[in-house]
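Listed below, chain by chain, are the residues.
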Amino acid sequence: FDVTDYSEAERRQRSLLLIAEDSEDAFRIAELLRRNNYGVVIGPESLFESGDYRFDATATLEDGSDSLSRPPDLVFSRGMSDKEMLATLSDFFAQRP
């Protein structure tokens, strides 16, 4: 068997809290991200502060960020393509260790 040396960051799946109500858009985005090796939970902002979960970032749909107590790390607009969403996430995490 070939042995590959992955860094810790490459081994660890990034986790994301998608702050949203249950909706078709939220489920579609979560499924896209899960298929691309992101851990995604759809739920309220309060989950971010919960000791039961660990999230690397928060995201919201463009119309859902007005009522949050802190700005989300990422905002997905409804017109974004799947490729744009994945590139946005990749760029965000590339800047964070």
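Right above here is the structure, for reference.
Residues numbered from 1 in each chain as written. Predicted model: local features only at pLDDT ≥ 70, side-chain atom pairs only at ≥ 80, totals over all residues. Heavy atoms only, no water.

Caption draft 1: Spotlight on the overall build of the protein. Scanning the protein from terminus to terminus reveals 4 helices and 4 strands. Moving toward the C terminus, one meets the helices and strands of the protein in the order α-β-α-β-α-β-β-α. Burial statistics for the protein: of 97 residues in total, 37% are counted as buried. A sequence separation of at least 24 residues applies to 56% of the contacts in the protein between residues at least 6 apart. (Helix = DSSP H or I, 4+ residues; strand = E, 2+ residues; numbered from the N terminus. Buried < 20%, exposed > 50% of the residue type's maximum accessible area, 1.4 Å probe, protein only. Contact = heavy atoms within 4.5 Å.)

Caption draft 2: Expanded view of unusual backbone geometry. A positive phi angle is found at asparagine 37, which is not glycine, with a value near 70°. Within the fold, asparagine 37 resides in the loop between helix H2 (24–35) and strand S2 (38–43).

Caption draft 3: Structural detail: the packing of aromatic side chains. Summed over the entire model, instances satisfying the criterion amount to 3 aromatic pairs. Ring centres of tyrosine 53 and phenylalanine 55 lie 5.8 Å apart, and the angle between their planes is 20°; on these two criteria the pair is classed as stacked. Summarising the aromatic geometry, the rings of phenylalanine 92 and phenylalanine 93 are spaced 5.1 Å apart at their centres and angled 70° between planes, so their arrangement reads as edge-to-face. Its relative accessible area of 16% is what places phenylalanine 92 among the buried residues. Among the aromatic residues, those joined into a ring-pair cluster are Tyr38, Phe92 and Phe93. (Phe/Tyr/Trp six-rings, centres within 6.5 Å; stacked < 30°, edge-to-face > 60°.)

Caption draft 4: Local environment of helix H4 (residues 82–94). Between its first and last C-alpha atoms H4 spans 18 Å; for 13 residues at 1.5 Å apiece the expected length is 18 Å, and the two agree. Listing the buried residues of H4 in full gives Met85, Leu89, Phe92 and Phe93. Buried residues along H4 cover an arc of 90° about the axis, so they all sit on one side. Opposite its buried face, H4 presents the exposed residues Lys83 and Ala94, each directed more than 90 degrees away. Against the buried residues of H4 lie strand S1 (14–19), H2, S2, strand S3 (57–61) and strand S4 (74–76). (Expected span 1.5 Å × (residues − 1). Arc of directions from axis to C-beta.)

Caption draft 5: View of the side chain of aspartate 56. Note on placement: aspartate 56 falls in the loop between helix H3 (46–49) and S3. A relative accessible area of 12% places aspartate 56 in the buried class. Within the structure, the side chain of aspartate 56 is placed 2.7 Å from the side chain of arginine 54, a separation counted as a polar contact. Among residues more than four places away in sequence, those in contact with aspartate 56 are Arg12, Gln13, Arg14, Ser15, Asp73, Phe93 and Arg96. (Polar contact = N/O pair within 3.5 Å; in protein donor to acceptor, adjacent residues only side chain to side chain.)

Caption draft 6: A look at the pattern of salt bridges. A complete count under the given rule lists 3 salt bridges for this structure. The partner of arginine 78 in a salt bridge is aspartate 25, with the nearest N and O atoms 2.2 Å apart. Taken together, the residues arginine 78 in the loop between S4 and H4 and aspartate 25 in helix H2 connect sequence positions 53 residues apart. The exposure class assigned to aspartate 25 is partly exposed, which follows from its relative accessible area of 30%. Of the charged contacts in the structure, one is a salt bridge between aspartate 82 and arginine 28, with a shortest N-O distance of 2.9 Å. Residue aspartate 82 is found in helix H4, and its partner arginine 28 is found in helix H2; the two are separated by 54 residues along the sequence. (Salt bridge = Lys/Arg side-chain N within 4 Å of Asp/Glu carboxyl O.)

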